[in-house]
Amino acid sequence: MLLIPLSLFAMPESGELVTQRGSVDDDYYAAGGPSDINAQVSGDVVVAGGELFIGHHISGDVIAAGGSINLRGDIQDDVRVAGGDILIDANIGDDLIASGGRINVSSNSAVAGEAWLAGGDVNVAGKVNHDVHIGAGSVRISGFVHGDVTIEAGEIHILEGAVIEGNLHYRSPDEAMIHTDAKISGDVIYEPVSYT
C-alpha cells in the first residue's frame, strides 16, 4: 500500500507545510514537507512527507511514508509506516507494520494485534498483545509481549523488565544478551547464522 502514488487520491491537503486540527468526517490524505496532523479522523489517514506528526484519534488505518514519523494518540485499526526514523507512541487497535532506519516502540505504546518490524535499529519498550516479528541490524526488547517473538538480527538484547509470554526464536551470528531479570515463559530457540 505504501507504494501507491498519493497522486491517485483526491487529497485535501498538500504543500510545503500541512497542518490539520479539529475533526475530519472521512478519510484524510495529505502530501508535502512537514505534516502535523493532530485531529480526530473518522476514517483512514494516508500521508507522505518529510517530517510527519500524526496523532489524536484516528478511527481507521494509518498509512504513512516519510523521513521521520512520530505517531501518537489512538489509532483504532492497523498502522503501516515506512521512514528513516519512526517513533510509535500510540495505542494501536490492530496490527503494526513498520520499516525504517530506526524504529522505537515507546513504553507508552500498546499494540492490540501483531507487530512486524524491519529496520537498522529496533527498540520495543511497549506492549504487544500478540506475536512480534523483527528483522534488524540490532534489536532491544524491554516491553511486554503476550505472544511469541521471532527475530533475525545481528545483535539482540532482551533487557531488564522484558516479558515474553510465548517463545523466543531467533537467528543471529551470536547468542542474544538476555538479562537475568527478563522473563520468557516459553522456549528459547537459537539458530546461528553467518552473514559473510
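See the structure printed just above.
Criteria and cut-off values
Residues numbered from 1 in each chain as written. Predicted model: local features only at pLDDT ≥ 70, side-chain atom pairs only at ≥ 80, totals over all residues. Heavy atoms only, no water. Helix = DSSP H or I, 4+ residues; strand = E, 2+ residues; numbered from the N terminus. Rg over C-alpha atoms; globule rule 2.2 N^0.38 Å. Buried < 20%, exposed > 50% of the residue type's maximum accessible area, 1.4 Å probe, protein only. Contact = heavy atoms within 4.5 Å. Areas by Shrake-Rupley, 256 points an atom, 1.4 Å probe, with all protein chains shown as cover. Lys, Arg positive; Asp, Glu negative; His and termini not counted. Charge placed at Lys NZ, Arg CZ, Asp CG, Glu CD. Core = buried A, V, L, I, M, F, W, Y, C linked by side-chain atoms within 4.5 Å. Salt bridge = Lys/Arg side-chain N within 4 Å of Asp/Glu carboxyl O. Polar contact = N/O pair within 3.5 Å; in protein donor to acceptor, adjacent residues only side chain to side chain.

A. Structural view of the overall build of the protein. Scanning the protein from N- to C-terminus turns up zero helices and 20 strands. Taken over C-alpha atoms, the radius of gyration comes to 17 Å for the protein, in line with the 16 Å a tight globule of 196 residues would show. Counting only C-alpha atoms, the protein reaches 50 × 35 × 20 Å along its principal axes. Of all 196 residues assigned to the protein, the portion counted as buried reaches 41%. Contacts spanning at least 24 positions in sequence make up 4% of the contacts within the protein whose residues lie at least 6 apart. Within the structure as shown, the protein displays about 8900 Å² of accessible surface, and the carbon and sulfur contribution to it stands at 49%. On the protein, the mean spot of the 8 positive side-chain charges and the mean spot of the 29 negative ones are 5 Å from each other.

B. The arrangement of the nonpolar core in detail. Grouped together as the largest cluster of nonpolar side chains are 50 residues, with contacts concentrated most on L96, L117, I134 and I151. With six residues, strand β8 (residues 79-92) is the largest single contributor of residues to this core. Apart from residues no more than four positions distant in its own chain, L96 is found in contact with V79, I88, V105, V111, E114, A115, W116 and L117.

C. The pattern of salt bridges, seen in detail. The tally for this structure, following the rule as stated, stands at eight salt bridges. R140 serves as the salt-bridge partner of E155, at 3.4 Å between the closest nitrogen and oxygen. Placement of E155 in strand β15 (residues 149-158) and of R140 in strand β13 (residues 132-141) is noted, with a sequence separation of 15 residues between them. Relative accessible area serves as the criterion here: at 36%, E155 is assigned to the partly exposed category.

D. Representation of the side chain of D78 within the structure. Positionally, D78 belongs in the loop between β7 (62-75) and β8. Owing to a relative accessible area of 12%, D78 belongs among the buried residues under this scheme. One polar contact links the side chain of D78 to the main-chain amide nitrogen of D95, over a distance of 3.0 Å. If near-sequence neighbours (up to four positions away) are discounted, D78 is found in contact with G60, D61, V62, D94 and D95.

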